[in-house]
Amino acid sequence: MTGLVLLVRRSLAQHKLSTAVTVVAAALACGLVMSVFAITNQTREAFTSADVGYDAVLGARGSDLQLVLNTVYHLETSPGQIPWSLYQTVRKDPRVSLAIPYGVGDNFQGFRLVGTSEEIFSRFEYRSGRKFAFALGGAFDGRKREAVLGSFAADRTRLEVGDTFSPYHGLDYDPNAKHPEVYVVSGILEPTNSPNDRVIWIPLEGIWRMKGHVLRGAGEEYVAQPRVPIPDKHKQISAVMIKLRSPIGGMQLSQSINRGNLATFAWPLDRTMLMLFDKLFWFVIILQMVAYLVVAVATGAILASIYNTMNERRREFAILRSLGARRGTVFSAIVLESATIAALGGALGFGVYATILGAASVVIRNKTGVVLDVTASDPVLWAAPLGMVLLGAIAGLLPARNAYSTDVASNL
Amino acid sequence: MAVLSVVDLKKSYVSPDGETTPVIDIESFSMEVGEQVALEGESGSGKTTFLHLIAGIVKADAGEVVVAGNAITAMREAERDRARALNVGYVFQTFNLLDGYSALENVMLGMMFGPGADRAKAESLLERVGLKERMHYRPRQLSVGQQQRVAVARALANGPRLVLADEPTGNLDRTRAGEALTLIRDVCTEQNAALLLVSHNPAVLDAFDRCERLSELNHVGTGS
């Protein structure tokens, strides 16, 4: 084995340039495969995980997917409004353990303001057993114009506790759509590594009372007046985040609510998101095909780089054979050399993987709040390098056969 | 006691057009343990083929070669490789050192396929041939004479019972040839290895007590 290692080491050193190029090719291939699979798996896990703090979303009649994207992931626009009375009914339903109202319509620097109740901080668990924790300050007072910022939103807007800001109308930032109301930052949340990090939470009353907002809960238009209580019949919300007591309750509520024309009850949430990913499956397949193609090119590069050295190395093989090396030894040396190039590529592939995943992580977090974890374990992180080594060894078989059949006497 | 025994050894080559050309037909040849024999042979007389047959690099068509008790001609290729690695040292006319390896590594390669690499022994051999200070040099960084010494050290690295030297002084001037010959003979004597040295240089042949003419041993008379 020592002899084989020396042979491989010396050969790689003698062909530094071609070795470096093929190692880089293998690293790119390996890193690309790892990245494609890891990003796909992690985003799928993040978007389809049922552990988002609630089991169902009640919202306006329309697409389940739009409702879930809007409420759970704070993406897309709200499909519409539902009357406050529906929220009150659901809240009192014995099958519901927690119902939190959700109202949208404004933003600050592109980060959406979500109107909700104080229960979001006292009772809501964004993941099983984990409630929002404050890095600075505390919850808003539902009677005041106060806001609590998710960690990412706070970081990007540079708002601190005690700072003031005015919201902008709509979910996309438009400098001409500034509301006159001024909000004070009461608290900043600890990171949750979830889409909630991108949200600016304000009291639901604030959404209703924002200048220019019109309520149509009773069918007619109603504009809230300062210091005048809003009658319940005019109130509207975008959605209700619902925690169920049992799955049976979800099934029953789904059947009863979805049968009507008033609202949509999106349940279970993971099924809705899985449907989205299933629709995007072809795209994932294409990405994987591209990654496999790069692997094939890298494997070909390894084969070509070693094969091209065969003629100049015939004398070397003959000398080794004259010293007592068996045919199998030179064959093994070539296969080992090829596998070593692939292994070096596989090792460097982790750097490529970390770079790609790091960049993708920034983009995905900026756009969705979902955080990809570069250090998260994934079977592809060992399968891809091992596969690369195996392919490298296979690529070495053809030149190894040439080395194996080298005639000693005529090449000395 | 014979370290090398050759009996009725025959070898022919078949040309691409199918014509068979006999190269070796030697009835009998032997060497004793530690004996040093010079073999005179002109170019094309089959001397290299003869050495290859003894070393088991080439398979004989017929006859028997026994080296240090190993019936080379009866062995399969892998067994011949093993027997060569353990019992035979080879010094080539062009030295056949590997360019990408240091002098020390070249010598260690001579051990790796046989008894196993022994760095201390390799260093000791290089020191013995006067290359203590240059054992980490690559062949191209050494003079021709120094390369010759590395080749000698490598041939002796596996503690062979028989050293085959194919025109080892052919690429050296007269002075260096004399030094190289003395070195090869002395080192073989110290290691108790028999030496079969092929040359057509009369000065070299005269230095040996026993000198054989391949043209007299080989009944074919023409080589490859």
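Just so you know, these numbers come straight off a predicted model, no measurement behind them. (Residues numbered from 1 in each chain as written. Chains lettered and ligands numbered in written order. Predicted model: local features only at pLDDT ≥ 70, side-chain atom pairs only at ≥ 80, totals over all residues.)

1. A look at the overall build of chain A
Here's step 1: Within chain A, the secondary structure is distributed over 15 helices and 15 strands.
Here's step 2: Relative to the compact-globule value of 22 Å for 412 residues, chain A shows a C-alpha radius of gyration of 30 Å, a clear excess of over 25%.
Here's step 3: With the C-alpha coordinates of chain A rotated into their principal frame, the extents come out at 105 × 45 × 35 Å.
Here's step 4: Relative to its 412 residues, chain A shows a buried fraction of 46%. (Helix = DSSP H or I, 4+ residues; strand = E, 2+ residues; numbered from the N terminus. Rg over C-alpha atoms; globule rule 2.2 N^0.38 Å. Buried ≥ 20, exposed ≤ 12 C-beta atoms within 10 Å, placed from the backbone.)

2. Quick word on the overall build of chain B
Here's step 1: Scanning chain B from N- to C-terminus turns up 8 helices and 9 strands.
Here's step 2: Rg of the C-alpha trace for chain B: 17 Å, near the compact-globule value of 17 Å for 224 residues, within the 12% margin.
Here's step 3: Looking at the 224 residues of chain B, the share that counts as buried comes to 50%.
Here's step 4: When contacts within chain B are restricted to residue pairs at least 6 apart in sequence, those whose partners lie at least 24 apart make up 72%. (Contact = placed C-beta atoms within 7 Å.)

3. Observations regarding the sheet that holds strand 1 (residues 2-14) of chain B
Residues and elements named next belong to chain B.
Here's step 1: Spatially, 4 strands are ordered 2-1-4-5 in an open sheet, and the strand pairing comes out antiparallel. Sheet topology places strand 2 (20-32) and strand 5 (70-71) at the edges, where each strand pairs with a single neighbour.
Here's step 2: Note that strand 4 (residues 62-67) and strand 5 share 2 bridges and pair antiparallel. The residue of strand 5 that forms the bridge with Val66 is Ala71. (Pairing = 2+ DSSP bridges.)

4. Describing the interface of chain A and chain B
Here's step 1: Between chain A and chain B, the contact holds 17 residues from the first and 21 residues from the second.
Here's step 2: Elements that contribute at least two residues to the side of chain A that touches chain B include exactly helix 1 (2-14), helix 11 (310-322) and helix 15 (408-411) of chain A.
Here's step 3: The leading source of residues in the side of chain A that touches chain B is helix 1 of chain A, at 6 residues.
Here's step 4: A breakdown of the residues in the side of chain A that touches chain B according to their chemical character gives 8 nonpolar, 6 polar and 3 charged. (Nonpolar A, V, L, I, M, F, W, Y, C, P; charged D, E, K, R; others polar.)

5. A short note on the sheet that holds strand 7 (residues 162-166) of chain B
Residues and elements named next belong to chain B.
Here's step 1: In spatial order, the strands read 6-7-8-3-9; together these 5 strands make up an open sheet with parallel pairing. Across the chains shown, the open sheet's two edge strands, defined by having one partner strand only, are strand 6 (88-91) and strand 9 (210-213). The mean inter-strand angle of the sheet, taken between neighbouring strand axes irrespective of direction, is 20°.
Here's step 2: Sheet topology note: the strand 3 (residues 36-40)/strand 8 (residues 194-199) ladder contains 5 bridges and is parallel. In the sheet register, Glu40 faces strand 8, and the bridge partner there is Ser199. (Axes fitted to C-alpha atoms, helices over the stretch in contact; angles between N-to-C directions.)

6. A look at unusual backbone geometry
Here's step 1: Going from A:Trp267 to A:Pro268, the amide bond is cis rather than trans, its omega being -10°.
Here's step 2: Here A:Pro268 lies in the loop between strand 15 (263-266) and helix 9 (269-279).

7. Some thoughts on the packing of helix 10 (residues 281-307) of chain A against helix 13 (residues 380-395) of chain A
Residue and element names in this part refer to chain A.
Here's step 1: The contact between helix 10 and helix 13 brings their axes to 8 Å, and the two run at 40°. Overall, the two elements helix 10 and helix 13 adopt an arrangement that is oblique. For the pair helix 10 and helix 13, the crossing hand works out as right-handed. Residues Val295, Thr299, Ile302 and Leu303 of helix 10 form the contact with helix 13, whose participating residues are Leu391, Gly392 and Ala395.
Here's step 2: Partitioned by chemical class, the residues of the contact of helix 10 with helix 13 number 5 nonpolar, 2 polar and no charged. (Parallel < 35°, antiparallel > 145°, perpendicular 65-115°, else oblique. Left-handed = near helix turned anticlockwise from the far one by under 90°.)

8. Focus: the pairing of strand 6 of chain B
Residue and element names in this part refer to chain B.
Here's step 1: Burial along strand 6 is two-sided: the residues Val88 and Tyr90 and Gly89 and Val91 are all buried.
Here's step 2: Bridge count for strand 6 against strand 7 is 4 bridges, and the pairing is parallel. The residue of strand 7 that forms the bridge with Gly89 is Val163.

9. What about helix 11 of chain A?
Here's step 1: Relative to the 18 Å expected for 13 residues at 1.5 Å per residue, helix 11 of chain A spans 18 Å between its end C-alpha atoms, a close match to the ideal helical length.
Here's step 2: For helix 11 of chain A, every residue scored as buried is listed here: A:Arg313, A:Glu316, A:Phe317, A:Ala318, A:Ile319, A:Leu320, A:Arg321 and A:Ser322.
Here's step 3: Next to the buried residues of helix 11 of chain A lie helix 12 (327-368), helix 14 (397-404) and helix 15 of chain A together with strand 6 of chain B.
Here's step 4: At the exit of helix 11 of chain A stands A:Gly324, carrying a positive phi of roughly 115°. (Expected span 1.5 Å × (residues − 1).)

10. Topic: the environment of A:Gly387
Here's step 1: Examined against the element boundaries, A:Gly387 turns out to sit in helix 13.
Here's step 2: Spatially, the C-alpha atoms of A:Gly387 and A:Cys30 are 8.7 Å apart, while their sequence positions differ by 357 residues.

11. Overview of the packing of helix 3 (residues 103-112) of chain B against helix 5 (residues 144-156) of chain B
Residue and element names in this part refer to chain B.
Here's step 1: The contact between helix 3 and helix 5 brings their axes to 7 Å, and the two run at 30°. Considered as vectors, helix 3 and helix 5 are oriented roughly parallel to each other. Of the two possible hands of crossing, helix 3 and helix 5 adopt the one that is right-handed. Across from Ala103, Asn106, Val107 and Gly110 in helix 3, the residues of helix 5 making contact are Val150, Ala153, Arg154 and Ala155.
Here's step 2: Residue classes in the contact of helix 3 with helix 5 are distributed as 5 nonpolar, 2 polar and 1 charged.

12. Some words on the domain arrangement of chain A
Residues and elements named next belong to chain A.
Here's step 1: Along its sequence, chain A is organised into domain 1 (2-47 + 280-411) and domain 2 (51-267).
Here's step 2: The centre of domain 1, based on its C-alpha atoms, is set 50 Å off from the matching centre of domain 2.
Here's step 3: Contacts between the two partners involve 5 residues from domain 1, matched on the other side by 10 residues from domain 2.
Here's step 4: Of the residues contributing to the side of domain 1 that touches domain 2, the split by class is 2 nonpolar, 2 polar and 1 charged. (Domains from an automatic or database assignment.)

13. Notes on the pairing of strand 1 (residues 56-60) of chain A
Residue and element names in this part refer to chain A.
Here's step 1: In terms of burial, strand 1 is a largely internal element, 5 of the 5 residues being buried.
Here's step 2: With 4 bridges connecting them, strand 1 and strand 15 associate as antiparallel partners. By the bridge assignment for strand 15, Gly59 is matched with Thr264.

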